There are 2 protein chains.
Amino acid sequence: MARKQGSHSDITGPKVREAALRLIARHGYAAVSMRQLAAEVGVQAGALYNYTPDKQALLFDMMRDHLVDVIESFDRADPKTDAQSRLRAFVSFHIRYHLPRADAVFVAYMELRNLSPENFAAIEKLRRAYEDRLEAILRQGEAEGAFAMKDARITTRAIIGMLTGFFTWYRQEGRLPLEEVEAIYWDLVCKAVAR
Amino acid sequence: MARKQGSHSDITGPKVREAALRLIARHGYAAVSMRQLAAEVGVQAGALYNYTPDKQALLFDMMRDHLVDVIESFDRADPKTDAQSRLRAFVSFHIRYHLPRADAVFVAYMELRNLSPENFAAIEKLRRAYEDRLEAILRQGEAEGAFAMKDARITTRAIIGMLTGFFTWYRQEGRLPLEEVEAIYWDLVCKAVAR
DNA sequence: TTTTCAACTGAACAGATGTTCAGTTAGATG
DNA sequence: CATCTAACTGAACATCTGTTCAGTTGAAAA
């Protein structure tokens, strides 16, 4: 019963990616078969190959698109003024951007091992580009005399780790509203890099 | 050629666990087959079932043993004096304990999705028990007037996230000696919870 | 109405999967 | 010496894996 009403590719295509993101976030790349994914979408396994050359490309494309969007979105959100304002914008952006994209964040973080070497290198480059945004802000703050830290690179990693760890547990923890969590994290980051 | 010299179970047993930890940390639980694991150990796949009832139990036992040891080791390292000293001991312990156990940390952190529901609950309980150690220290610090923070529970998660993120990249980054990394992290944590 | 073709099916491919178990081996035991 | 048995092999089980492709469908174009 192909093509019940109109062209399907612009319906099935996004469906494949949504289902893949959801299933892989829940069970892991290696644990999700193309047949499970197809069943979730509502097609046979063979039909998936109209939307991806293979399983590996499906994973890579999702991770790359996510990271590219993170970087572009932050560059738009960045006030590009003083370091204090930029750091605040970074913390706020990071939390608010990632929260409604928990599956994509989870996949981009947990499935690095399942990328081919070339794909891994490409994703690492993007990840590094995002981290470099934060590192630049910290170094600007040092130059302005607004921040003080022992090592900007490691502090960058520490802050990213702190913020990203957030998404491994916020789902279950409905205790506090987003605004409050954001304020708590801002307080921690702000004090940690203060002079 | 069974049993070439002496009893093998006390040699093969640890070998199985070491190989499983290494392979699963590198490729993921679902991506490592019992045959790959057996080849790494130097036996046939069937022989593994002398050392674990099934693949799932192998994963669970490794995670449980690791977490139990983390908790017991910290309880011995805990000076149980003032909050400032205890926090410093926690940060130092966490970094120094986890560093030479990178594979175990990685598996305990990344493979939660591959645990059966009952096993997941058991592991979560242990993870929570470790986090509770840190939370207790932070609350003691608040009571003593040594620390100030908006929310002790979330600050606990943030600090753990910050410290644990460390182990996803330290391998590659031989730039700084351990003592220095420890000092950098202590500086960040100390300032973040300061009054 | 006939033709076209994007979208999909369903079967097939060769090989991998976790797990079981009857049988084999060789060091330890009496 | 013979016996015992922990430790292991190797084959088998049913099922699943990613991927390919000839064939089918039905809405849209001519």
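Residues numbered from 1 in each chain as written. Chains lettered and ligands numbered in written order. Predicted model: local features only at pLDDT ≥ 70, side-chain atom pairs only at ≥ 80, totals over all residues. Heavy atoms only, no water.

Note that soluble globular proteins tend to have their nonpolar side chains buried in a common cluster. Formed by 124 residues in total, the largest nonpolar core has its most connected members in Leu87 and Tyr185 of chain A together with Leu87 and Tyr185 of chain B. The residues contacting leucine 87 of chain B, other than those within four sequence positions of it, are Leu134, Ile137, Leu138, Phe147, Trp186, Val189 and Val193 of chain B. (Core = buried A, V, L, I, M, F, W, Y, C linked by side-chain atoms within 4.5 Å. Buried < 20%, exposed > 50% of the residue type's maximum accessible area, 1.4 Å probe, protein only. Contact = heavy atoms within 4.5 Å.)

Turning to unusual backbone geometry, a few remarks are in order. Here lysine 80 of chain A, not a glycine, exhibits a phi torsion of approximately 55 degrees, which is positive. Tracing the sequence through the fold places lysine 80 of chain A in the loop between helix H3 (55-77) and helix H4 (83-98). (Helix = DSSP H or I, 4+ residues; strand = E, 2+ residues; numbered from the N terminus.)

Here the focus is the relation of the copies chain A and chain B. For the pair chain A and chain B, the superposition axis carries a translation of 0.0 Å, the fit reaches an RMSD of 0.0 Å, and the rotation angle comes to 180 degrees. Within this description, the copies of the chain are treated as partners about a two-fold rotation axis. Same-surface contact between copies: 100% of interface residues of chain A are shared with the interface of chain B. (Least-squares fit on C-alpha atoms with pLDDT ≥ 70 in both.)

The partner chain B presents 38 residues to the 38 residues of chain A that form the contact. Summed over both partners, the interface of chain A with chain B buries about 3300 Å², with 62% contributed by carbon and sulfur atoms. For chain A, the biggest contributors to the area lost against chain B are Arg113, Ile154 and Lys191 of chain A; these three give 21% of the whole. In this structure, the connection of chain A to chain B is made through two salt bridges. For arginine 113 of chain A, the salt bridge is made with glutamate 111 of chain B, and the minimal N-O distance between the two is 3.1 Å. Between chain A and chain B we count 12 residue pairs in polar contact (both at pLDDT 80 or more) in total. Only helix H1 (9-27), helix H5 (102-110), helix H7 (152-165) and helix H8 (178-192) of chain A provide two or more residues apiece to the side of chain A that touches chain B. (Buried area = accessible area lost by both parts, 1.4 Å probe. Salt bridge = Lys/Arg side-chain N within 4 Å of Asp/Glu carboxyl O. Polar contact = N/O pair within 3.5 Å; in protein donor to acceptor, adjacent residues only side chain to side chain.)

For the rest of this paragraph, the subject is the domain arrangement of chain A. Residue and element names in this part refer to chain A. As assigned here, chain A comprises domain 1 (1-52) and domain 2 (53-192). Here the C-alpha centre of domain 2 lies 29 Å away from the C-alpha centre of domain 1. Facing the 15 residues of domain 1 at the interface are 16 residues of domain 2. Of the roughly 1500 Å² buried between domain 1 and domain 2, counting both surfaces, carbon and sulfur atoms make up 68%. (Domains from an automatic or database assignment.)

Residue and element names in this part refer to chain A. The set of residues buried in helix H2 (residues 34-41) consists of Met34, Leu37, Ala38 and Val41. Buried residues of H2 fall within an arc of 100 degrees about the axis and therefore sit on the same side. Among the exposed residues of H2, those pointing more than 90 degrees away from its buried face are Arg35 and Ala39. Looking at the packing, one finds that the buried side of H2 touches H1 and H3. (Arc of directions from axis to C-beta.)

Before going further, it helps to spend a moment on empty space enclosed by the protein. Enumeration over the complete set of coordinates arrives at seven cavities of 30 Å³ or more. Of the voids in this model, the largest cavity is the one considered here, and its volume is about 90 Å³. What lines the largest cavity is a set of 17 residues, and nearest its centre among them are Arg113 and Asn114 of chain A together with Glu111, Arg113 and Asn114 of chain B. Residue composition of the lining of the largest cavity, grouped by class: seven nonpolar, six polar and four charged. Estimated volume of the second largest cavity: approximately 70 Å³. Those elements that provide at least two residues to the lining of the second largest cavity are H7 and H8 of chain A together with helix H7 (152-165) and helix H8 (178-192) of chain B. Class assignment of the residues belonging to the lining of the second largest cavity gives a composition of 11 nonpolar, no polar and no charged. (1 Å grid on protein atoms, 1.4 Å probe; cavity = no way out; pocket = protein on both sides within 12 Å on 5 of 7 lines; lining within 4 Å. Points joined across faces, edges and corners; volume = space filled by probe spheres on them. Nonpolar A, V, L, I, M, F, W, Y, C, P; charged D, E, K, R; others polar.)

Moving on to the packing of helix H4 (residues 83-98) of chain B against helix H6 (residues 117-144) of chain B. Relative orientation and spacing of two packed helices are given, respectively, by the angle between their axes and the distance between those axes. Residues and elements named next belong to chain B. Close contact between H4 and H6 brings their axes to 8 Å; oriented N to C, the two are set at 155 degrees. Between H4 and H6, the interaxial angle falls into the category roughly antiparallel. Crossing handedness for the pair H4 and H6: left-handed. Contacts between H4 and H6 involve Ala83, Arg86, Leu87, Phe90, Phe93, His94 and His98 on the former and, on the latter, Tyr130, Leu134, Ile137, Leu138, Gln140, Gly141 and Glu144. (Axes fitted to C-alpha atoms, helices over the stretch in contact; angles between N-to-C directions. Parallel < 35°, antiparallel > 145°, perpendicular 65-115°, else oblique. Left-handed = near helix turned anticlockwise from the far one by under 90°.)

We now examine the packing of helix H3 (residues 55-77) of chain B against H6 of chain B. Residue and element names in this part refer to chain B. As a packed pair, H3 and H6 sit with axes 10 Å apart at the nearest point and diverge in direction by 15 degrees. In terms of their interaxial angle, H3 and H6 are classed as roughly parallel. With respect to the hand of their crossing, H3 and H6 are arranged in left-handed fashion. Judged by residue contacts, Gln56, Phe60, Met63, Arg64, Leu67, Val68, Val70, Ile71, Phe74 and Asp75 of H3 engage Asn119, Ala122, Ile123, Leu126, Arg127, Ala129, Tyr130, Arg133 and Ile137 from H6. Classifying every residue of the contact of H3 with H6 by side-chain character gives 13 nonpolar, two polar and four charged.

This brings us to the side chain of aspartate 78 of chain B. All names here are of chain B. You can see aspartate 78 is positioned in the loop between H3 and H4. A relative accessible area of 8% places aspartate 78 in the buried class. At 2.9 Å, the side chain of aspartate 78 and the backbone nitrogen of lysine 80 are in polar contact.

Let's shift gears to the packing of aromatic side chains. Two numbers describe a pair of aromatic rings. These are the distance of the centres and the angle of the planes. In total, this model carries eight aromatic pairs over all chains according to the counting rule given. Between the aromatic rings of phenylalanine 74 of chain B and phenylalanine 93 of chain B, the centroid separation amounts to 5.6 Å while the plane-to-plane angle is 55 degrees, which identifies the pairing as tilted. Of this pair, phenylalanine 74 of chain B sits in helix H3 while phenylalanine 93 of chain B sits in helix H4; the two residues are 19 residues apart in sequence, bridging distant segments of the chain. Both residues of the pair, phenylalanine 74 of chain B and phenylalanine 93 of chain B, belong to the buried class. Looking at arginine 101 of chain A, its charged tip hangs above the ring of tyrosine 97 of chain A, at a distance of 3.8 Å from the centre. (Phe/Tyr/Trp six-rings, centres within 6.5 Å; stacked < 30°, edge-to-face > 60°. Lys NZ or Arg CZ within 6 Å of the ring centre and 35° of its normal.)

What follows concerns the side chain of threonine 164 of chain A. Residue and element names in this part refer to chain A. Tracing the backbone through its elements, the reader meets threonine 164 in helix H7. Under the relative-accessibility criterion, threonine 164 is labelled buried at 13%. If we skip the residues at most four places from it in the chain, threonine 164 touches His94 and Tyr109.

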